[in-house]
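Examination of the molecular architecture
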Amino acid sequence: MSDKVYTDYFFDEPAFNTHDGGFVPLEEAKAPQQPLNIPPLLKPDKETATDTYYTVAAQPGETQFLPGAKTKTWGYNNSVLGQTIVFEKGKHIHVTLKNELPELTTFHWHGLDVTGPYVDGGCHAPVYPGKSSQIDFTLDQPAATVWLHAHPCPETGSQVYHGLAAMVLVKDQVEAKLPFPRNWGVDDIPLILQDRRFHDDNQWNYREDYDPDGVQGPTALVNGTVNPYFDVKTQRVRFRILDGSNRREWRLHFGDNLTFTQVGSDGGIMPAPVKMTKLMLTCAERAEIIVDFGNYKPGDEVVLYADNVPLVHFRIHEFAPDHTQLPEHLVDINDPEVTPGLPVRKIVMSGMDEAVALNGKKFEMQRIDARQKVGDVQYWDIVNSNDKEGGMVHPFHMHGTQFTVISRNGHEPYPNEHGYKDTVGVNPGETVRIKVRFKLPGLYMYHCHIIEHEDGGMMAQILAYTEDNLNPHYKLMDMDTLMKAFSAERGVPMDKLWMGGMESYAKMGMKM
Ligand SMILES: [Cu+2]
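Procedures and definitions
Residues numbered from 1 in each chain as written. Predicted model: local features only at pLDDT ≥ 70, side-chain atom pairs only at ≥ 80, totals over all residues. UniProt positions renumbered as here; feature names shortened; annotations may be inferred. Core = buried A, V, L, I, M, F, W, Y, C linked by C-beta atoms within 7 Å. Buried ≥ 20, exposed ≤ 12 C-beta atoms within 10 Å, placed from the backbone. Helix = DSSP H or I, 4+ residues; strand = E, 2+ residues; numbered from the N terminus. Contact = placed C-beta atoms within 7 Å. Pairing = 2+ DSSP bridges. Axes fitted to C-alpha atoms, helices over the stretch in contact; angles between N-to-C directions. Domains from an automatic or database assignment. Nonpolar A, V, L, I, M, F, W, Y, C, P; charged D, E, K, R; others polar.

An unreviewed UniProt entry lists the protein chain under the name Cell division protein SufI, with Loigolactobacillus rennini DSM 20253 given as the organism. Regarding the protein chain, the UniProt comment filed under Sequence similarities (unreviewed entry) reads as follows: "Belongs to the multicopper oxidase family."

Here's what the structure looks like:
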């Protein structure tokens with residue numbers, strides 16, 4: 001492994017969200033320390049040599065985050081967030097999606113190469129309250145840390161904020177042979193990073209905290225734990241970090257500037273490990289890092305910080321010495337040649353607040369914005385047209401595929417961007433070139449993953465087609481059907497229905 005240790009966050013400092021007028025800084029937790037919640041692994045309903053069956057239920061519940069009243073929350077097979085779902089590459093997976101919530105939701109598999117728009121679970125795949133639906137797929141993608149979250153446009157922000165987000169692990173034989181910790185809850189630890197504001201009686205209030213540039217709160221939650229500690233009982237610990245926030249980007253570092261090693265990004269293990277002391281994640285991005293606590297002794301405490309706010313306290317216990325060295329090369333990344341003759345596709349993310357748009361338009365569920373042939377490899381240039389001063393980093397996310405990052409304003413991508421990605425933070429004034437190939441036919445959304453930006457219309461959809469099916473027909477959701485459903489479910493007349501993203505359309509004089 002290269003001995004170089006990177007000591008910066010890579011992103012352009014003037015664009016950090018700390019400078020934005022609407023920024024809500026994290027506050028140091030006042031609640032007593034609690035053990036870090038580890039979302040348990042979901043048990044399959046049934047498993048055979050070739051097939052695995054799961055039931056994933058979106059359900060309402062109550063969660064004890066703080067002393068006093070419990071908070072009303074939603075989760076997957078859990079009161080908040082979810083049980084962790086494990087998929088094995090090559091197996092045929094069957095999932096029953098149950099909606100036990102009072103309103104419609106969708107089940108989006110963020111980072112999975114599955115066909116859209118139904119299995120992928122974006123806005124066109126509603127499951128109505130009290131109903132369930134079935135999906136099945138066979139995964140052909142490398143081991144990775146991905147996630148499941150609700151995605152009913154323009155209500156994604158509110159539902160994710162309510163707690164509908166769960167970690168999903170893809171496993172394969174390549175990762176299984178690498179010298180990585182993989183004992184779940186012991187030395188293989190999820191860190192789902194979110195932030196919330198607790199109102200009276202410890203309740204969340206999405207509408208009161210609504211901001212078209214992203215909803216934030218001053219209290220950090222890690223796996224739904226306020227002010228967590230974790231007992232370290234092995235020298236090396238692997239952390240699977242997910243930015244599951246609606247808007248917050250997380251700048252992470254350990255006390256003592258402890259060096260750690262990033263081994264994975266969104267789409268799986270990186271070709272080579274990267275040593276660093278600082279890591280910034282934008283919304284929906286994942287990083288797998290391995291931390292070596294070998295220089296500490298029982299009784300020591302190591303703190304993980306977000307900016308300067310303590311996030312997790314690692315309490316060091318006795319552990320057996322571990323001298324495992326990571327190889328210099330971890331996995332091969334298949335980087336296909338660009339298909340000759342194709343133009344570079346240009347995607348412009350523009351505006352702030354209610355004015356956000358993608359290629360000058362707001363998202364429309366019934367409009368297909370682009371087409372690309374399955375198997376073709378094309379460059380996409382992702383442009384953030386905001387000013388360097390006063391702009392935001394837009395995390396650009398694609399459904400249905402993992403891309404590679406080619407360049408940032410013509411320069412090398414960041415050192416930890418050489419693996420597969422499905423989300424990439426684009427600085428104001430920057431053009432990020434990515435290489436895109438769809439393996440499966442379908443209709444796929446691509447958008448900013450500041451969730452209020454996507455709900456506000458910074459989103460579009462592309463048809464990945466095959467030569468023998470140039471114009472597949474999909475039944476797409478429409479605003480009238482959606483509004484009627486929410487109106488009936490909430491017992492609110494259509495003209496009184498409030499969804500955050502709709503304000504962005506209304507203020508721009510547009511209909512969804
Ligand atoms: Cu954005």
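That covers the picture; the talk isn't over yet.
It is characteristic of soluble globular proteins that their nonpolar side chains tend to be buried jointly. Counting residues in each nonpolar core, the largest one holds 121 residues, and the members touching the most others are A166, V168, V222 and I289. Among the elements that line this core, the one with the most residues is strand β12 (residues 165-171), at six residues. If we skip the residues at most four places from it in the chain, I289 touches F239, I241, F260, T261, Q262, V263 and L279.

Each strand in a sheet pairs with another by means of backbone hydrogen bonds, the pair being arranged parallel or else antiparallel. Taken in spatial order, the four strands of this open sheet run β7-β12-β11-β9, and their pairing is mixed. The outermost strands of the open sheet, each flanked by one partner alone, are β7 (85-88) and β9 (108-110). Averaged over neighbouring strand pairs, the angle between their axes works out to 30° when direction is ignored. As paired elements, β7 and β12 share four bridges and run parallel to each other. Within β12, the position partnered with F87 by the bridge is V170.

Let us now look at the pairing of strand β27 (residues 377-384). As paired elements, strand β24 (residues 345-350) and β27 share five bridges and run parallel to each other. In the sheet register, M349 faces β27, and the bridge partner there is N384.

Where interface size is given, it is often the accessible area lost as the parts come together that is meant. If you check the domain split of the protein chain, you get domain 1 (5-19 + 179-316), domain 2 (34-173) and domain 3 (345-465). One C-alpha centre belongs to domain 1, the other to domain 2; they are set 21 Å apart. Contact with domain 1, which involves 34 residues of that partner, is made by 30 residues of domain 2. The class makeup of the residues in the side of domain 1 that touches domain 2 is 17 nonpolar, twelve polar and five charged.

Moving on to unusual backbone geometry. In this model, G116 is joined to P117 through a cis peptide bond whose omega is 5°. That bond from C153 to P154 is cis: its omega, 0°, falls within 30 degrees of zero. Topologically, P154 is positioned in the loop between β11 (144-149) and α1 (156-161). One non-glycine residue, F10, lies in positive phi territory at about 70°. Turning to its location among the elements, F10 is positioned in the loop between β1 (5-6) and β2 (34-35). Take F10: there are 17 C-beta atoms within 10 Å of it, and that puts it in the partly exposed class. Non-glycine residue N409 carries a positive phi angle of around 50°.

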